[in-house]
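# Inside the fold
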Amino acid sequence: MKKTFLFIAAASVMLTACKGGQNEPTQPEQEQEQEQTQTEPANVAALFAMPVVFNGTFVEVTNALITASRQQRAGAPAALRAGETYPQISWTPQDGTWPIDLTVNYGKEAVIGTDGLEHSGVMKIHATGLFETPNTVLTPTFTGFYVYGTTLTGTQTIQNTGKNKAGNLVFDVVTKDGKLGAGKNFIYSEHTSRELIKGLGENGFMAPDVKTHTYSITGTMKTVSQIDTIPGCEVLIDNLQPMVIAVGDLYPTDGLLHLTLDKGMSQTMEGFTLSISKMDLTFTGKNEQNQYGASFTATATMTTPMGSTEQKIAASFLLDKSGIIPGSVQMEGVDIPGENEK
């Protein structure tokens, strides 16, 4: 029983990880036939990896455009990192005017991007203006683009909506029809608002090192599952406690997320069934050992021959690059058989 709820917690954390190198989205899938024979664990990985991957593309687009804009202002050549170093970033036109079209070539062999994920292939970006300029729209396209050997497709739009009352840049991010692989086992969509709370220089331009950037994120993320045995999930980030992510961190260090499974997960044991369809996930910071804190609360429905009752359950745990740290889980609420299981 404990494993069921810990799985939900772990999956929820995967939805919001900032850097996904520790969890490969899927095994390499170059052909649809291979995808159709995926195991369920691989499918589950794909389900929860897509938000991580599309967050990664936001970071990659940011890095490419900052690189291009700095070179544009300096009047430097439009081909950067040429030769055998990847990714290679180039753009046209080369006369300092906008809009521009960027090509980010990661090469044929997998390389680690700024987002911490393995990439190969090419990502192209149409940019109407500087990353810092209000109303700039960035449109990446993912033709022949791979993450951990798996094709990434979908439509993503990033728009600079200007500065808020706090003087921070805000970006509107929309993702539609996102997926990993050739099939449509899982379809990902997102509409989030990302406030840059750290990373804008006094000169009005973004700090060139994207790992110095921190975002406060609100909005929704949704994954629709086409597989009967795996539920889809919708995530609503609380406006009063946004999700805070520093580029380069494995997980957020703050934020309250409301998660709803489109099909409740349940387990029957010893004459009763315990099911859950909604939960709240909170990130609670990062310690000196680079471990990240998280907790969840949920209302579980317990069904017996005598009827149904509701019980509150809660757990707190620590995370590192391998996921939930064994022995860190503190669970409250339902008296769960197998309490000593890991």
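Parameters at a glance
- Residues numbered from 1 in each chain as written.
- Predicted model: local features only at pLDDT ≥ 70, side-chain atom pairs only at ≥ 80, totals over all residues.
- Heavy atoms only, no water.
- Helix = DSSP H or I, 4+ residues; strand = E, 2+ residues; numbered from the N terminus.
- Contact = heavy atoms within 4.5 Å.
- Areas by Shrake-Rupley, 256 points an atom, 1.4 Å probe, with all protein chains shown as cover.
- Buried < 20%, exposed > 50% of the residue type's maximum accessible area, 1.4 Å probe, protein only.
- Core = buried A, V, L, I, M, F, W, Y, C linked by side-chain atoms within 4.5 Å.
- Pairing = 2+ DSSP bridges.

### Notes on the overall build of the chain
Looking only at helices and strands, the chain has 3 helices and 19 strands in total. Counting contacts in the chain only where the partners sit at least 6 residues apart, residues at least 24 apart contribute 55% of the total. Roughly 15,600 Å² of accessible area belongs to the chain as shown, and the carbon and sulfur atoms make up 50% of that amount.

### Quick look at the side chain of Lys-179
Looking at the element boundaries, Lys-179 is found in strand β9 (residues 169–180). Accessibility expressed as a relative area gives 11% for Lys-179, which makes it buried. Residues in contact with Lys-179, not counting those within four places in the same chain, are Met-50, Phe-54, Thr-151, Leu-152, Thr-153, Lys-184 and Phe-186.

### Considering the nonpolar core
Ranked by size, the top nonpolar core spans 80 residues in total, and within it Leu-102, Tyr-215 and Leu-281 carry the most contacts. Here the element with the most residues in this core is helix α3 (residues 40–74); it accounts for 15 residues.

### Describing the pairing of strand β12 (residues 233–237)
Looking along a regular strand, one sees the side chains alternate between the two faces of the sheet. The alternating pattern of β12 places Cys-233, Val-235 and Ile-237 on a buried face and Glu-234 and Leu-236 on a face that is not buried. Both strand β11 (residues 214–225) and β12 contribute to a ladder of 5 bridges, which runs antiparallel. The partner of Lys-222 across the bridge, within β12, is Glu-234. Where β12 meets strand β14 (residues 255–269), 5 bridges bridge the pair, whose relative direction is antiparallel. Considered in β14, the bridge of Ile-237 is made with Leu-257.

### Topic: the pairing of strand β3 (residues 100–105)
Because side chains alternate across β3, one face comprises the buried residues Ile-100, Leu-102 and Val-104, and the other comprises Asp-101, Thr-103 and Asn-105, none of which is buried. Both strand β2 (residues 88–92) and β3 contribute to a ladder of 5 bridges, which runs antiparallel. Directly across from Gln-88, in β3, lies its bridge partner Asn-105. Two strands pair when backbone bridges link them, and β3 and strand β5 (residues 118–127) are joined in this way by 6 bridges, in the antiparallel orientation.

### Topic: the environment of Ser-189
Tracing the backbone through its elements, the reader meets Ser-189 in strand β10 (residues 186–198). For the pair formed by Ser-189 and Thr-220, sequence separation is 31 residues and the distance between their alpha carbons is 8.5 Å. Those residues in contact with Ser-189 that lie beyond four places of it in its chain are Thr-175, Met-221 and Lys-222.

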